[in-house]
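# Structural overview
Next come the chains, spelled out residue by residue.
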Amino acid sequence: MRYAVVLAAGLFVGMFVVLELGRRIGIRRIAADPEGAHAGAGTVDGAVFALMGLLIAFTFSGAASRFDVRKQQVVEEANDIGTAYLRIDLLPAETQPALRDLFRKYVDSRLATYRKIRDLSEAKAELDRSIAVQGEIWSRSVEACRAANQPATTTLMLSALNAMIDIVTTRTAATKMHPPAIIFAMLVVLALGCALLAGNGMAAARTRDWTRMLAFAAVMAVTVYVILDLEYPRVGLIRVDAIDQLLVDVRNSMK
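In short, a report on the structure. (Residues numbered from 1 in each chain as written. Predicted model: local features only at pLDDT ≥ 70, side-chain atom pairs only at ≥ 80, totals over all residues. Heavy atoms only, no water.)

### Comments concerning the overall build of the protein chain
The secondary structure content of the protein chain amounts to eight helices and zero strands. The C-alpha radius of gyration computed for the protein chain amounts to 27 Å, which surpasses the reference 18 Å derived for 255 residues by more than 25%, pointing to a less compact arrangement than a globule. When the backbone C-alpha atoms are referred to their principal axes, the protein chain occupies close to 90 × 30 × 25 Å. Of all 255 residues assigned to the protein chain, the portion counted as buried reaches 40%. Taking the intrachain contacts of the protein chain between residues at least 6 apart in sequence as the baseline, contacts between residues at least 24 apart amount to 80%. Accessible area for the protein chain stands at about 13,700 Å²; split by element, carbon and sulfur atoms hold 64% of it. Of the charged side chains in the protein chain, 29 are positive and 25 negative, and the gap between their average positions amounts to 4 Å. (Helix = DSSP H or I, 4+ residues; strand = E, 2+ residues; numbered from the N terminus. Rg over C-alpha atoms; globule rule 2.2 N^0.38 Å. Buried < 20%, exposed > 50% of the residue type's maximum accessible area, 1.4 Å probe, protein only. Contact = heavy atoms within 4.5 Å. Areas by Shrake-Rupley, 256 points an atom, 1.4 Å probe, with all protein chains shown as cover. Lys, Arg positive; Asp, Glu negative; His and termini not counted. Charge placed at Lys NZ, Arg CZ, Asp CG, Glu CD.)

### Examining helix H3 (residues 96-115)
An ideal rise of 1.5 Å per residue puts 28 Å on 20 residues; H3 measures up with 29 Å between its terminal C-alpha atoms. Counting buried positions along H3 yields 14 of 20 residues, so the element is predominantly enclosed. (Expected span 1.5 Å × (residues − 1).)

### Here we look at the pattern of salt bridges
One pass over the full model with this rule turns up 17 salt bridges. Arg251 is the salt-bridge partner of Asp108, the closest N and O atoms lying 2.9 Å from each other. Of this pair, Asp108 sits in helix H3 while Arg251 sits in helix H8 (residues 245-252); the two residues are 143 residues apart in sequence, bridging distant segments of the chain. Here Glu136 makes a salt bridge to Arg140, at a shortest N to O gap of 3.5 Å. (Salt bridge = Lys/Arg side-chain N within 4 Å of Asp/Glu carboxyl O.)

### Re the packing of helix H6 (residues 181-201) against helix H7 (residues 210-231)
Contact geometry for H6 and H7: axes closest at 11 Å, N-to-C directions at 170°. Between H6 and H7, the angle falls in the class roughly antiparallel. Residue-level inspection shows Phe184, Leu187, Ala191, Cys194, Ala195 and Ala198 of H6 in contact with H7, the latter providing Phe216, Met220, Val224, Ile227, Leu228 and Glu231. (Axes fitted to C-alpha atoms, helices over the stretch in contact; angles between N-to-C directions. Parallel < 35°, antiparallel > 145°, perpendicular 65-115°, else oblique.)

### Digging into the environment of Ala160
One can find Ala160 in helix H5 (residues 151-174). Since its relative accessible area comes to 5%, Ala160 is described here as buried. Contacts of Ala160, omitting those with residues within four sequence positions, involve Asp80, Thr83, Ala84 and Arg87.

### A word on the packing of aromatic side chains
Per the counting criterion, the structure on display carries three aromatic pairs. Measuring from ring centre to ring centre gives 5.7 Å for Tyr85 and Phe103, while their planes differ by 65°; the resulting arrangement is edge-to-face. Within this pair, whereas Tyr85 is found in helix H2 (residues 41-86), its partner Phe103 is found in helix H3, the two being separated by 18 residues in sequence. Both residues of the pair, Tyr85 and Phe103, belong to the buried class. Its end group placed over the ring of Tyr85, Arg100 keeps NZ or CZ at 5.1 Å from the ring centre. (Phe/Tyr/Trp six-rings, centres within 6.5 Å; stacked < 30°, edge-to-face > 60°. Lys NZ or Arg CZ within 6 Å of the ring centre and 35° of its normal.)

### As for a nonpolar patch on the surface
A cluster of nonpolar side chains, Leu21, Ile25 and Leu196, forms an exposed patch at the surface whose accessible area comes to about 240 Å². Relative to the elements of secondary structure, Ile25 occurs in helix H1 (residues 2-32). (Patch = residues over 30% accessible without salt bridge, like charges linked within 9 Å, V, L, I, M, F, W, Y side chains within 5 Å.)

### As for the environment of Val222
By the element assignment, Val222 lies in helix H7. Using a relative accessible area of 51% as the deciding quantity, one classes Val222 as exposed.

On their own, these measurements won't tell you what the molecule is for.
Here you go:
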């Protein structure tokens, strides 16, 4: 995910610069007031770093939870499509071939929707195509149920189709469920604030502690990147693509 990489790299550079800024401010303060330069600083630093830790825990936990939900939704859709496809056997024999062909087209379109997710316009167009096929499946299934004239068949077939249709809406909504942008902005601001305080705390040393400065900036930048990667699991290093194999297996079973 390009934007996540850019943000993480920018945060790393920004934190490193702010660490140095904090150190220089601390040096000047020590020169002006050697004894009271850091009086009460521990309380303030502790509060800010605690808030930073809380925000990271909150955003990471939420991103991980949504990541697991998205994987579960793929499993649910594969099950729903597989169940609906099997229930075509309940319909009149002459209506089955056309419906089976529509189901194959539908699954192909659903897989293509998420394979094209990097290009939102193409993904949206593919989603529209799958919804159009979905509507045709529903119409033909209703006609077939009327021809069968069996209440049990109608109930089983249409309930399975309802579940298959509903999960599409659920998955589409899930791709748009992310924390407000202000949360990420606050995360970046707090990270820079912590860097300022950390740099100020290093002012007493005569030389720069490059190891700690680099490590602190790198750890925070990587953490933010991982959170963003979890939020958008189809465009970064952390992916849910592997779980799509379940839909591929369902498609392969449609002989």
